[in-house]
Each structure stands twice: as C-alpha cells, then as structure tokens.
Amino acid sequence: MTDATRYPPSKRHGCASCAVPREVVERKRKATRATKARGKAAGKGCDAPSQDVLLLFGGEMGKKGKEQRIFSDVWMFDPDTLECSFLGEAPSSFTHRSYFTATYVDGAVWLVGGKTQDDIVSGDTVWKYVVREASWERVDVEGDDGLTRRTAHGACLSPWDGQTVVVFGGYALRERRGAWMSDVFEIDTREDASRLSRSPRISFQKVYADTFARAYMSLDAIGGVCVALFGRQGSKTVQESLVYDKKRELKVIKTSTKPVPRYNHRTSARSDGSLMACGGDMEGTVALVRYDAKKKILHMETEQVGVRKSHCQLVVDGVKRAGAGGK
C-alpha cells in the first residue's frame, strides 16, 4: 500500500477538484460494484444516477515538517455510491502540491498553481490531465510572466466561450503572504490550427482594486457570470462576495439575506443552476446560492448539516450527502 492509498482524500486538505462527466471517466468494462449499486438504486425507484463524478487531485495532510505529506495523485468520488477510488499517480515531473485549482475543459482537467511543503510551485505551474486516457501533460502558457505562480486562488470555466479558464486572487510568495492578490487572468486553452507550435495563451489580465484582494475563496460560473464567494485576507474572513462579468468588470454583489462568510470551502454547481457551498471555517453548514441576473443579487440560504471542515465538494443535488467529502 502506497502513501496515496493509505491516506485517501478524506484525510487530506487542499485537494483540487472538479466535476467531470461520468461517461468520460468510465471506459467500457465489466460492471464494477459501483455500477451494480447504481443499477440497483435505479431499479428501486431511487433518484436517477448522477451524470457526473468528482475528480480530486493532490492535497496535503499533517503539519509542516516530518509529519507533513503532500500528494500528486488523482482519485474519483462517485456521488451515487459515496465511494472514492484511486486512479493513479502523476508523473515524477509533476511537483507534489496542494491548494491549487482543477478546471474541466472539453475532456481534460487544467491544473493551475499550488504550493509545496516549502514554497509556491514555480517550475511546472500548469498541467493538463486528459481524462479518458488518464495521461498527463505539462503546459507552457504563452504570455505567462509568473501569473500562474500562485496558490489558494479560485478558477472556473468561462461561461462565455467554454474554452477559457478564469483565474482570480490567491497569493504568490510565501514570504509575502500578507500581500493578497486582486487580479484576474484568463487562459485560452485553444490552440491555433494555423500555428501548430503555439501554446495556449494568456488572453486577458488585469489587477483590480486592493479591496478585492483575497485567497481561499471559491470561483464558479453561474447565471452567465463568475461568482467569487467570500475568502480570506490576512487573518480576517472576507464578508463580501464578488461577480466577474462578460465585460470583465469585477464588483461587489449584493445578497438577499445576511450571509455566513467562510473560507477554504468548496462549491459545486447543481442542476437547477445554483451553487452548494460547504465546509471551510463554517463547519456543519451548507449554503445554497442562486444568482438573480435581472436584479443582480445573490440569494443565499444556509442549512445546518453534518459537514466536516475543509475539503467538501460534491456533484449531487440536495444536502443530505454533503458531509461525504472529507476533512
């Protein structure tokens, strides 16, 4: 048994995770215990099987020093069976890391940034994990002048073109940890067929007001905008949430009710267009978030459930399963 299988994601924090279509992950093979369980559930009239699974990458456990372990593997969480299975290790050239982001784009997961035991990842900041082949590829991003050297940031797929990774915030140097970042940059993942040697590129970058600076937030695309929920700046939990829109404007968004701020949480988009935020420093609560595009306001509902602290992102509707993500 390796360190990876001995310490599954339920025992870690700082994993990167994203929802991936089940059909992309599961190849043609004999029925496993998981697929049999889904079939039995459907036969008993239970909810239809989930169309997505969750891929989890890396993370860490323990305190800095000999007890600390940082990982470079990938796991799959099945929301139908609530089971987590080991899919394999990254190549040796992939720096072990935590607190980075994973964004699914057209068959591949784009991994950006992160930190090691001693510092921010700097030599191989962007990777692409091709899901169906379970293959890894280091990516050189054209125009990247240190933008991807950061950790505890947020990232999501652009709701406007479906091919761009939007990255926001975080911090870049451990010795300057108090200098929280307020910039947004976009990685256009498409390659130009007329220039076969061209890498994906930074298509936009802008530094916004210092008041927007934060780390340990979540960033998700809902309602045609990117929503950054809460986060942390220095020793304080950020009270406000932000919206980044198609015009590339970043602004504070109003909420319909008094929110319960949190940081280091995880979020998941639901089939009804809302977000489910759980974990973080608000242990035991789940926030359901909806964006009203006409009134430009966030509707938030907070429910008390048995959710563990820190890493907790699922791809299911409802909150009964929200505690299965781990600590």
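We now turn to the structure provided with this report. (Residues numbered from 1 in each chain as written. Predicted model: local features only at pLDDT ≥ 70, side-chain atom pairs only at ≥ 80, totals over all residues. Heavy atoms only, no water.)

Let's talk about the overall build of the protein
Going by this rule: Put simply, DSSP H or I for four residues or longer makes a helix, DSSP E for two residues or longer makes a strand, and each gets a number counted from the N terminus. The classification of residues rests on relative accessible area computed with a 1.4 Å probe and restricted to protein chains. Under 20% of the type maximum is buried, over 50% is exposed, and intermediate values are partly exposed. The criterion used for residue contact is that any of the two residues' heavy atoms lie within 4.5 Å. Accessible areas in this description were obtained via Shrake-Rupley with a 1.4 Å probe; residue shielding takes into account the shown protein chains only.
Helix and strand counts for the protein stand at three helices and 24 strands. Across the 327 residues of the protein, 51% fall into the buried class. Taking contacts inside the protein between residues at least 6 apart in sequence as the whole, the part at least 24 apart equals 56%. When the accessible area of the protein is evaluated, it comes to approximately 15600 Å², of which 48% is carbon and sulfur surface.

Here we look at the sheet that holds strand 13 (residues 183-188)
Our working definition: Between any two strands, pairing holds if DSSP finds at least two bridges. Axis definition: a line fitted to C-alpha atoms, limited for helices to the stretch in contact. Angles are taken between N-to-C directions and run from 0 to 180 degrees.
In spatial order, the strands read 11-12-13-14; together these four strands make up an open sheet with antiparallel pairing. Edge positions in the sheet fall to strand 11 (154-157) and strand 14 (201-207), since each of these pairs with one other strand and no more. Ignoring strand direction, the axes of neighbouring strands in this sheet form an average angle of 15°. Of the strand pairs in this sheet, strand 11 and strand 12 (residues 164-168) are connected by four bridges, and their pairing is antiparallel.

Considerations on the pattern of salt bridges
As a reminder, the rule being used: One speaks of a salt bridge when a side-chain nitrogen belonging to Lys or Arg is within 4 Å of a carboxyl oxygen belonging to Asp or Glu.
Summed over the entire model, instances satisfying the criterion amount to 14 salt bridges. With a shortest N-O distance of 3.4 Å, arginine 22 and glutamate 26 are connected by a salt bridge. The salt bridge involving arginine 201 is made with aspartate 188; its shortest N-O contact spans 3.8 Å. A residue pair is termed long-range when its members are at least 10 positions apart, and arginine 201 in strand 14 and aspartate 188 in strand 13 qualify at 13 residues. Within the structure, one salt-bridge network assembled from shared partners comprises Arg22, Glu26, Asp78 and Asp80.

Some thoughts on the pairing of strand 22 (residues 275-279)
A regular strand carries its side chains on alternate faces of the sheet. Among the five residues in strand 22, five count as buried, and that is most of the element. Across five bridges, strand 21 (residues 265-269) lies against strand 22 in antiparallel orientation. Bridge pairing in strand 22 places threonine 267 opposite alanine 277. Linkage of strand 21 to strand 22, two consecutive antiparallel strands, is achieved through a turn of five residues, within which glycine 273 is found at a positive phi near 90°.

Thoughts on the sheet that holds strand 9 (residues 126-130)
With antiparallel pairing, the four strands of this open sheet are ordered in space as 7-8-9-10. Looking at the sheet topology across the chains shown, the edges are occupied by strand 7 (101-105) and strand 10 (135-138). Within this sheet the neighbouring strands show an average axis-to-axis angle of 25°, counted without direction. Two elements, strand 9 and strand 10, share four bridges in a ladder whose sense is antiparallel. Bridge pairing in strand 10 places tyrosine 129 opposite tryptophan 136.

Here we look at the pairing of strand 7
Burial runs high along strand 7: five of the five residues are buried. Here strand 7 shows a buried face lined by Thr101, Thr103 and Val105 and a second buried face lined by Ala102 and Tyr104. In this sheet, strand 8 (residues 108-112) lies alongside strand 7 in antiparallel orientation, the contact comprising five bridges. Paired with threonine 103 across the two strands is tryptophan 110, which belongs to strand 8. Between strand 7 and strand 8, which pair antiparallel and follow one another directly, the connecting turn spans two residues, one of which, aspartate 106, has a positive phi of 50°.

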